[in-house]
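A closer look at the structure
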Amino acid sequence: ETGVTQTPRHLVMGMTNKKSLKCEQHLGHNAMYWYKQSAKKPLELMFVYSLEERVENNSVPSRFSPECPNSSHLFLHLHTLQPEDSALYLCASSPTRGNYGYTFGSGTRLTVV
Amino acid sequence: GQQLNQSPQSMFIQEGEDVSMNCTSSSIFNTWLWYKQDPGEGPVLLIALYKAGELTSNGRLTAQFGITRKDSFLNISASIPSDVGIYFCAGQFFGNEKLTFGTGTRLTIIP
């Protein structure tokens, strides 16, 4: 149990589908993150939310749309994805103060067909 | 965004061997962290370092915060099959929750 729960664990979707990834944490953290991890590539930061405000968007295409309704939940809405978007999508959370690093979820393995 | 340079990129070792990997940065960090990622899972924190020169152990793992605050290394002694995975270093500035991750070291144990 990592404290950060991601659902679903696996997702296969067509390029015309709309789906959402969910992340939930009950660690009392106030910052949440979405990362993309493609095969044999470094972790790519996508979005950062701090105190429910989006503070960073690393030039992510608009077909990825994040939502943070409260400090415990983070969503990534997906629509009209491309096959190259297939990857492991990781959610993480952290306190906004103090240097304690992130707690990661187990990820959602996304395959776009 | 900024990346930390990790080396080696991959290692192929036999069970029982010791492992050493390092991470270098052009920036000074206040905190260094080491994570391990098992296949198909998210990274899990192994060791956190908060002071230049600090040497910290976690079982067979030992990590050090470089004196210059621009580097860190991780050693694994007497490797076992469950050590297989990707190891990431990460640097953090004081008062800033954002982490900068290394490029990862993939560890494989040859039977």
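Parameters at a glance
Residues numbered from 1 in each chain as written. Chains lettered and ligands numbered in written order. Predicted model: local features only at pLDDT ≥ 70, side-chain atom pairs only at ≥ 80, totals over all residues. Heavy atoms only, no water. Contact = heavy atoms within 4.5 Å. Buried area = accessible area lost by both parts, 1.4 Å probe. Salt bridge = Lys/Arg side-chain N within 4 Å of Asp/Glu carboxyl O. Polar contact = N/O pair within 3.5 Å; in protein donor to acceptor, adjacent residues only side chain to side chain. Helix = DSSP H or I, 4+ residues; strand = E, 2+ residues; numbered from the N terminus. Nonpolar A, V, L, I, M, F, W, Y, C, P; charged D, E, K, R; others polar. Pairing = 2+ DSSP bridges.

Taken together, the contacts link 23 residues of chain B with 24 residues of chain A. Roughly 1800 Å² of surface becomes buried between chain B and chain A when both sides are summed, with 49% attributable to carbon and sulfur atoms. Contact with chain A buries area across many residues of chain B, yet E97, K98 and F101 of chain B alone supply 29% of it, more than any other trio. Here chain B is connected to chain A by two salt bridges. Remark: the boundary between chain B and chain A carries seven residue pairs in polar contact (both at pLDDT 80 or more). Within the residue set of the side of chain B that touches chain A, elements represented by two or more residues are β4 (31–37), β9 (85–92) and β10 (99–101) of chain B. Looking at the side of chain B that touches chain A element by element, the count peaks at four residues for β4 of chain B. The residue makeup of the side of chain B that touches chain A, split by class, is 10 nonpolar, nine polar and four charged.

On to the pairing of strand β8 (residues 73–79) of chain A, then. Residues and elements named next belong to chain A. The pairing of strand β3 (residues 18–25) with β8 spans seven bridges and is antiparallel. Pairing of E24 across the sheet is with H73, part of β8. Pairing of strand β7 (residues 64–70) with β8, which is carried by five bridges, proceeds in the antiparallel orientation. Across the sheet, the residue bridging to F64 is L78, located in β8. Hairpin connection between β7 and β8: a loop of two residues separates the two successive antiparallel strands.

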